[in-house]
Amino acid sequence: MAAASAVSVLLVAAERNRWHRLPSLLLPPRWVEGPTWVWRQRTMKYTTTTGRNITKVLIANRGEIACRVMRTARKLGVQSVAVYSEADRNSMHVDMADEAYSIGPAPSQQSYLSMEKIIQVAKTSAAQAIHPGYGFLSENMEFAELCKQEGIIFIGPPPSAIRDMGIKSTSKSIMAAAGVPVVEGYHGEDQSDQCLKEHAGRIGYPVMIKAVRGGGGKGMRIVRSEQEFQEQLESARREAKKSFNDDAVLIEKFVDTPRHVEVQVFGDHHGNAVYLFERDCSVQRRHQKIIEEAPAPGIKPEVRKKLGEAAVRAAKAVNYVGAGTVEFIMDSKHNFYFMEMNTRLQVEHPVTEMITGTDLIAAGEKIPLSQEEITLQGHAFEARIYAEDPSNNFMPGAGPLVHLSTPRADPSTRIETGVRQGDEVSVHYDPMIAKLVVWAADRQAALTKLRYSLRQYNIIGLHTNIDFLLNLSGHPEFEAGNVHTDFIPQHHKELLLSRKAAAKESLCQAALGLILKEKAMTDAFTLQAHDQFSPFSSSSGRRLNISYTRNMTLKDGKNNVAIAVTYNHDGSYSMQIEDKTFQVLGDLYSEEDCTYLKCSVNGVASKAKLIILENTIYLFSKEGSIEIDIPVPKYLSSVSSEGTQGGPLAPMTGTIEKVFVKAGDKVKAGDSLMVMIAMKMEHTIKAPKDGTIKKVFYREGAQANRHTPLVEFEEEESDKRESE
């Protein structure tokens, strides 16, 4: 019997005691004639009187969502099958799976987007179902149809719903007919440059160019004038082609400073649909969400009801089955307009689970709860932790997670991740490291818990947005709930506070941490060598009664700081920085595989996690993080990596997608030189000054490492004279 391409959803109220909330992922049964499905609370086992159970599911994804599905599958007693690219050979989701199969090179078009390879693995592994997660093939109608043809369950909605809602132009028409408010725009089939440009002029700038498929901000550009339309159109098309293998776009009116509010919906095979309230996802960078919350702040009950009812009309208009999200933009007067529907699990779905206490379970029954029985309790936040540099236009980064420690998970704190300490954040995929999800009884309490947990999320090895998230969650306007999609650009200066010089007390802490680490190493060495006369040795049970001063230099940012450290008879230290002296006392201790520094500076006690790697001292405490360098001698320092003749450097490791210039070309400052692709995002490299191109170092398709020169400029006569 052919497997169905979609399954219905049973929405089950979790126990009112939040401490027993269960994970919510769709793992449906094989659809057969007349199934009877039973939900057994807590054990989450599913049995049927006819047909056969799913015993193995293939997860056609990677990262945290693949790990999340595998954890749930394990609880259900279902085996999991992973697929992986060459870049992910040693990744966490591969290790977690019961079976794992290689599906090709790192580029997603040759691996995670290859439908034929994934279907072949499903057949080889005898997996009865495929869970697509989010992104990649999760909203691909052709893939859902292919699963159906091959007798494999596609864990998601019907292909028809994916088709209707996955193509934004089609979905807008369906929504308008269903009485759901939509934004003015052009969603037609004529994709010629001239047609799109004419419609943009008719709608009136600013306009938004959007890829008709997919989401996540890919293939999306804001165009504020006719002059920049063509360049932004070409950029959006290239990115859409890379992400979704379809470069078709639509044009719609751009609503200034809107809120991004979305509603979680569920539908079953019996024509029923319910909503589980809304999430606010307004705070974004590069059109991608960075922090989400549920419920949306400042939304009155009557507006919440209208939002939910509109989302249900949207779901019913396409006979939606399963979990989906209807996204709206909302203006300052709380008028809202349909934007798109995501026919899959969302990255931010955990905040809805936290406030409703519900779990998604696949079954062939009607939704057992009425809309009135679904209640909202408390408030939840999700912060996405990314490998990126907020001070450098949120440029994504790649590299090893040299140190990774997280807050402790509990029933009101969830950490959803697909990486471990020592893993690599790959240049080929999205740079998200983890989702930190917290719940509390009200918004202010949840916000306090979020900030507390962010301070406990410690990462070393690459730039992250953790400090930025702390600044954001502590901003007065964010605390007041005054959020919108321009929040980050509007408050850019406050959110990206320039690094302040470390307090002298912090420098004393860093110096003490270094001294105590040295002492611990010396003690270990002298204990082995039985050197009872070392001034640091404690193996003899006594210390030599000496006092002496050493000069130490630490580097705070770009500034070298001289510290005169006097070792006192009683084991304390006197540290002089400039004209001030500090009395310092402390010790190291271990807790949960981490080293902590317990310290007193002039009688003020503190506690911080201490990590010393290579030439850097890291201190993590409840007040925040401190990073102090140990200067490298000049004769060991590497050559400065400055651009060749003022040419631009690669802002990150990535692939050269497009080259616009050649040797001999004259360019103006701001002209586009080339386009790089990294972390699934497109970045245009601009000329830093007027000049003539002497040499282009990379061809299209080549990979450039971070901070390597991309082009060389001719040396102008004025530059020659200055150098003489």
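Above this text sits the structure in question.
The present account deals with the structure reproduced in this document. (Residues numbered from 1 in each chain as written. Predicted model: local features only at pLDDT ≥ 70, side-chain atom pairs only at ≥ 80, totals over all residues. Heavy atoms only, no water.)

Right, let's talk about the side chain of Ser114 for a bit. Looking at the element boundaries, Ser114 is found in the loop between β6 (99-102) and α3 (115-125). Given the relative accessible area of 11%, Ser114 is considered buried. Setting aside residues no more than four positions away along its own chain, Ser114 makes contact with Ser108 and Gln109. (Helix = DSSP H or I, 4+ residues; strand = E, 2+ residues; numbered from the N terminus. Buried < 20%, exposed > 50% of the residue type's maximum accessible area, 1.4 Å probe, protein only. Contact = heavy atoms within 4.5 Å.)

Side chains that differ in sign of charge can pair as their charged atoms come close. Evaluation of the coordinates by the stated rule reveals 41 salt bridges. Arg213 is paired through a salt bridge with Glu142; the nearest N and O atoms lie 3.8 Å apart. With a gap of 71 residues between them, Arg213 in the loop between β10 (207-211) and β11 (220-223) and Glu142 in helix α4 (residues 141-149) connect regions that are remote in the sequence. Overall, the relative accessible area of 21% leaves Arg213 in the partly exposed class. Residue Lys435 pairs with Glu416 through a salt bridge whose shortest N-O separation is 3.3 Å. Of this pair, Lys435 sits in strand β28 (residues 432-440) while Glu416 sits in strand β26 (residues 413-417), and the two are 19 residues apart along the sequence. Neither residue differs from the other here; Lys435 and Glu416 are each classed as buried. The structure contains a network of salt bridges with shared partners spanning Glu262, Arg279, Lys289, Glu292, Glu327, Glu348, Glu382 and Arg384. (Salt bridge = Lys/Arg side-chain N within 4 Å of Asp/Glu carboxyl O.)

With that out of the way, let us pick up helix α6 (residues 168-177). Listing the buried residues of α6 in full gives Lys168, Ser169, Ser171, Lys172, Ile174 and Met175. At its buried positions, α6 is contacted by α5 (159-166), β10, β12 (249-253), α9 (301-317) and β19 (336-342). Looking at the residues trailing α6, positive phi occurs at Gly179, about 80°.

Taking burial as the measure, the 8 residues of α5 include 6 buried ones, the bulk of the element. Where α5 is buried, its residues meet α4, β8 (153-154), α6 and β19.

Between α5 and α6, the least distance of the axes is 5 Å, while the angle of their chain directions is 95°. It follows from the interaxial angle that α5 and α6 lie roughly perpendicular. Contact residues: α5 offers Asp164, Met165 and Gly166, while α6 offers Lys168, Thr170, Ser171, Ile174 and Met175. Among the residues forming the contact of α5 with α6, the class breakdown is 3 nonpolar, 3 polar and 2 charged. (Axes fitted to C-alpha atoms, helices over the stretch in contact; angles between N-to-C directions. Parallel < 35°, antiparallel > 145°, perpendicular 65-115°, else oblique. Nonpolar A, V, L, I, M, F, W, Y, C, P; charged D, E, K, R; others polar.)

Attention shifts here to the sheet that holds strand β39 (residues 666-667). The 3 strands lie next to each other as β39-β42-β44, forming an open sheet whose pairing is antiparallel. The open sheet has two edge strands with one neighbour each: β39 and β44 (711-713). Of the strand pairs in this sheet, β39 and strand β42 (residues 691-696) are connected by 2 bridges, and their pairing is antiparallel. Within the sheet, the bridge partner assigned to Val667 lies in β42 and is Gly691. (Pairing = 2+ DSSP bridges.)

Spatially, 5 strands are ordered β6-β5-β4-β7-β8 in an open sheet, and the strand pairing comes out parallel. The two strands at the open ends of the sheet, each matched to only one other strand, are β6 and β8. The pairing of strand β4 (residues 56-59) with strand β7 (residues 129-131) spans 3 bridges and is parallel. Its bridge partner being in β7, Leu58 is matched across the sheet by Ile130.

Looking now at the pairing of strand β34 (residues 594-601). Each regular strand carries side chains that alternate between the two faces of the sheet. For β34, a buried count of 6 out of 8 residues is recorded, marking the element as mostly surrounded by other parts of the structure. As judged from the 8 bridges shared by strand β33 (residues 580-591) and β34, these two strands associate in the antiparallel manner. Residue pairing in the sheet places Leu588 in a bridge with Leu597 of β34. Hairpin connection from β33 to β34: 2 residues lie between these consecutive antiparallel strands, with Glu592 at a positive phi of about 55°. Of the strand pairs in this sheet, β34 and strand β35 (residues 604-613) are connected by 6 bridges, and their pairing is antiparallel. Note on β35: the bridge partner recorded for Val601 is Val604. Between β34 and the antiparallel strand that follows it, β35, lie 2 residues; Asn602 among them carries a positive phi value of about 50°.

Interpretation note: all reported values are geometric properties and have no functional meaning in isolation.
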